[in-house]
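Residues per chain, in single letters:
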Amino acid sequence: MVDALVKDYGKRRHPKRALDSVSLRVPAGSAFGLIGPNGAGKTTLLKTLLGVVAPSAGAVQVLGGSPADLGVRKRIGYLPERLQLPTAWTALGFLHSVARLKHASRADAEQQLQRVGLGNEGHARIATFSKGMRQRLGLGAALIGAPDLLVLDEPTDGIDPKGRADVRSILAQERARGATLFLNSHLLSETERICDQVGILVSGRLLRSGATLELCGNPSSWRVRFEAGTDTKQLQRLGFAPTSVAQVFVCTDCDVAELNARLAKARGQGALVSELVPEMRDLEAVLLELMGPADA
Amino acid sequence: MPSALHIAADLLREAVHRKWMLGLLLAITLAGVLLGWTLQMEVVDGVLASTRLFGLDVGHDLRATDMALRPVFSGTAWFMYVTGLLFGVLACSDFAPEFLAAGRIEHLLALPLRRAELIVGIYLGVLALSVASALYGGVVFTVLFGLKSGIWSWCIVAGALAGCLAFSAVYAAMLASAVFVRSAALSSAIGVALLFAGSVIARPELAALFNAGAPRRWFTAVVSFVPRFWLLGRLGAVAGGFEPLDADLLRTAAGTLIFAGACVMLAIWEFERRDY
């Protein structure tokens, strides 16, 4: 829970406001995605949740306590945006070190190494790892100790498509275990796929937050596929605009009642509907709309 | 604070992979091997009859061995003290900046670890490294001279450990500077500057160079905060019984520890209030 959070950087006379009265509640067990343009204050918000950055004003409560509380921090797994690993160490050596500091077992560290797909690289030097492998290792470190909250800053950065699918699968397992996810990613499609809650941060202000479906939902546009042989002119007269795909039409600016009325007329004239899909806005569209043309 | 010890252990693990550290161990070992191979001492009934280095005679007088070797022992102890300090400044300057580097420090601070424990852990790790290196070098040369001459004096080890005492103050200042500015170069420069100040400038006799009155008082006041490293170097000779232990040396040793403690406290104070 974050309440009226303010963070100013820089000199007292001319501070730069990174976070401006941000209030946010993330339900336990949910997957929350924080999105926004570069410099919006996303990483600052994440670091404030972890106690790495002290707020200038406002209150932060994580897992029912203060992020300064070691007992709370023990229940958090964190993957920084640009994790710098000790390159001379082995992967297993690094995870053992994290396990010691988190008061977790060595077996846990070894299990997480397997889980992130680096089971065969345990004794390899981190210096020999690719960016994607280092990112996986960082995720493995975050997973040690079965944290109740996973705070991940760009978790799939530098990871190939197969790896991203693996990461999504791991995050799904963590959610199934009951962990809460707090995700910051530039990849909006990833956020959409993983998160059921989204917050949009622009210029330090939380412009919108809520369920992903609610933010992208309320469709007023529908994509309808009719069976071949349907009279297209008739459909156009009823308000179905043709698309570049054969037999696929779009019905815009119509609510559910209006759509059903038009479909009833079309079916009355012999048209057969084979597919109906609401045209949801994606997060990118929502973000661009909120940012406005100047910011975008 | 077990977490501080974990951090210290991590630092030691990192040090093992450093070329600087491996180079130091190799240099000490090679110097020991070379000296052991080339130095030949003929000791008869407690008298040093002849000493040869690289096959050449080094002095012909018949002298009591313990007296004859006194300059050798105290010189080696001083050498260990100075080279240990210089090497420590150069080799350890980037430990703290690396631990505090962006991308690593956030990760460490998000772990269940107090900020003070992180600073103390880095400090203890570097001190442990310095003590281990000093002991290794000191013991190698002590054993070497002991086997060659039959005289066993721990003044070389004491000289090396005196270097660690001085280094505890130097590194504390370097650590504090690294917390303010994450730069290995600056940390190293602070270490060299403090070493120079404590070895050359912090001498009471230099006050005579300043005009009597305010300039002299200012000089004396400023250098009174700087540990007198030139004096600490005598610890080796004192341990060997070649020089008496005086109150000034004890005061200097205590002052060095207080200076180190103050610098570590400053580092913790700044670290506690800093955003990363």
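Higher on the page you've got the structure.
What you see is a predicted model, and the numbers here were worked out from it, not measured in a lab. (Residues numbered from 1 in each chain as written. Chains lettered and ligands numbered in written order. Predicted model: local features only at pLDDT ≥ 70, side-chain atom pairs only at ≥ 80, totals over all residues.)

Brief notes about the overall build of chain B
Counting its secondary structure elements, chain B contains 13 helices and four strands. The dimensions of chain B, computed from C-alpha atoms along their principal axes, are 65 × 55 × 30 Å. Taken over 276 residues, chain B has a buried fraction of 44%. Considering only intrachain contacts with a sequence separation of at least 6, the fraction spanning at least 24 residues in chain B is 76%. (Helix = DSSP H or I, 4+ residues; strand = E, 2+ residues; numbered from the N terminus. Buried ≥ 20, exposed ≤ 12 C-beta atoms within 10 Å, placed from the backbone. Contact = placed C-beta atoms within 7 Å.)

Focus: the sheet that holds strand β12 (residues 248-251) of chain A
All names here are of chain A. On the basis of which strands lie adjacent, the open sheet formed by four strands has the order β11-β12-β10-β13 and antiparallel pairing. At either margin of the open sheet sits one strand with a lone partner, and together these are β11 (241-242) and β13 (273-278). Here two bridges tie β11 to β12, and the two strands are oriented antiparallel to one another. When the sheet's bridge partners are listed, Pro242 is paired in β12 with Phe249. (Pairing = 2+ DSSP bridges.)

Re the nonpolar core
Here is a general trend for soluble globular proteins: nonpolar side chains tend to be buried in one another's company. By size, the foremost hydrophobic cluster in this structure holds 147 residues, and its most contacted members are Ile122, Val170 and Leu175 of chain B. The element that contributes the greatest number of residues to this core is helix α8 (residues 155-180) of chain B, accounting for 21 residues. With sequence-adjacent residues up to four places away left out, Val170 of chain B is seen in contact with Leu85, Val89, Gly191, Leu194 and Leu195 of chain B. In terms of nonpolar packing, the next biggest core, distinct from the first, is built from ten residues, Val224, Leu235, Cys251 and Ala266 of chain A among them. (Core = buried A, V, L, I, M, F, W, Y, C linked by C-beta atoms within 7 Å.)

Some thoughts on the pairing of strand β1 (residues 39-44) of chain B
In regular strands, side chains alternate between the two faces of the sheet. All names here are of chain B. Summarising the sheet, β1 and strand β2 (residues 47-53) pair through six bridges and their orientation is antiparallel. Residue pairing for β2: Leu39 is matched across the bridge by Leu53. Between β1 and β2, which follow one another and run antiparallel, lie two residues, and Asp45 among them has a positive phi close to 50°.

A look at the pairing of strand β8 (residues 197-202) of chain A
Residue and element names in this part refer to chain A. Within β8, five of the six residues are buried, which leaves the element mostly enclosed by the surrounding structure. Sheet topology note: the strand β3 (residues 31-35)/β8 ladder contains four bridges and is parallel. Residue pairing across strands places Leu34 opposite Gly199, the latter belonging to β8. The pairing of β8 with strand β9 (residues 205-211) spans six bridges and is classified as antiparallel. Opposite Gln197, over in β9, you have Ala211 as the bridge partner.

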